[in-house]
Amino acid sequence: MTKEAKIISGVGVIFFALFAFLIYRTNTGTSVVADPNLLIGKVSYMTGKKEAKVNVVEFGDYQCPACAYANSIVQQLIETYKNNPNVNFVFRNFPLPQHSNAMVSAEAAEAAGAQGKFLEMSDMLYERQNEWSGSSKALEIFAKYAQELKLDVKAFTDSVSKNEFKDAINKDRSDGQALGVNSTPSFFINGEKVVGLPSFEEFKKKIDGKLQ
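Numbering of residues starts from 1 in every chain and runs along the sequence as written. At least 70 in pLDDT is required for a residue's local features to be given in this predicted model, at least 80 for side-chain atom pairs to be given and counted, and no such filter applies to totals for whole chains, interfaces and linings, which use all residues. Think of the side-chain values as coming from all heavy atoms in the structure, minus any hydrogens and water.

(A) The overall build of the chain, seen in detail. Secondary structure follows DSSP: runs of H or I at least 4 residues long count as helices, runs of E at least 2 residues long count as strands, and numbering of each begins at the N terminus. Looking only at helices and strands, the chain has ten helices and five strands in total. Using a 1.4 Å probe on the protein chains alone, a residue whose accessible area is under 20% of its type maximum counts as buried, one over 50% counts as exposed, and one in between counts as partly exposed. Across the 212 residues of the chain, 41% fall into the buried class. What makes two residues a contact is simply this: any of their non-hydrogen atoms within 4.5 Å. Long-range contacts, defined here as pairs at least 24 residues apart, represent 76% of the contacts in the chain between residues at least 6 apart. Each accessible area is a Shrake-Rupley result for a 1.4 Å probe, and residues are judged covered by the shown protein chains and nothing else. Total accessible area on the chain stands at roughly 12200 Å², and carbon and sulfur atoms take up 55% of it.

(B) Region of interest: the pairing of strand S4 (residues 186-189). Covered by surrounding structure in S4 are Ser186 and Phe188 together with Phe187 and Ile189, the residues of both alternating faces. Taken together, the four bridges between strand S2 (residues 54-60) and S4 define a ladder with antiparallel strand orientation. Bridge pairing links valine 56 to isoleucine 189 in S4. Two elements, S4 and strand S5 (residues 192-193), share two bridges in a ladder whose sense is antiparallel. Note on S5: the bridge partner recorded for phenylalanine 188 is lysine 193. Only strands joined by at least two bridges in the DSSP assignment are considered to pair.

(C) View of the environment of phenylalanine 156. Locating phenylalanine 156 in the fold gives a position in helix H8 (residues 153-161). Measuring from C-alpha to C-alpha, the distance between phenylalanine 156 and glutamate 107 comes to 9.6 Å, with 49 residues separating the pair along the chain. Excluding its chain neighbours within four sequence positions, the residues that come into contact with phenylalanine 156 are Ala108, Ala111, Ala112, Gln115, Met121, Leu139, Phe142, Ala143, Ala146 and Leu151.

(D) Focus on the sheet that holds strand S1 (residues 45-46). The mixed open sheet is built from five strands, whose spatial order is S1-S3-S2-S4-S5. The sheet is open, and its two edges are formed by S1 and S5, each paired on a single side.

Don't take any of this as a statement about function, it's just geometry.
Set out below in structure tokens:
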């Protein structure tokens, strides 16, 4: 073999080895940690503090059936870790364009949040999704929810009608898009995107692993 042939052969081996290494990294699911500045917004609803050891971030759409299903798991997790300052749950809005009431329901949750009842309204929106998801009078239905939650109903409906939280909701969505979110619900644990929708037990195992 000539000297030139040996050099070409050596380069080929190195290239193949590098290619194989990249394929290996891809197939073993090397984690990519998301930009923390995109994960938690300045006005995002959270159960604790962003300085917590574990941050669980959800990008969700209140009209999404899968999000409604996931909410029961999230409720269990919030209850489980409610006294643990090392775990923080964060919600970001990601209204999907195909859902006609996604924006108004996000506005409703944020308006309730302004009166200290974000989580309660969120749970109600998910649990009663079938009542309003296809309605042309969703705000009227949400006003009844606000009354049940003992909110200032006029302030609530005025806020939603004026789209007071539109910019914040759109910022949530744009941050999600920048992170590669294209479906709901999408979860991140300490910046690592969760594949699929784990069960409560699987979610808890992931969180506990980060607490160690």
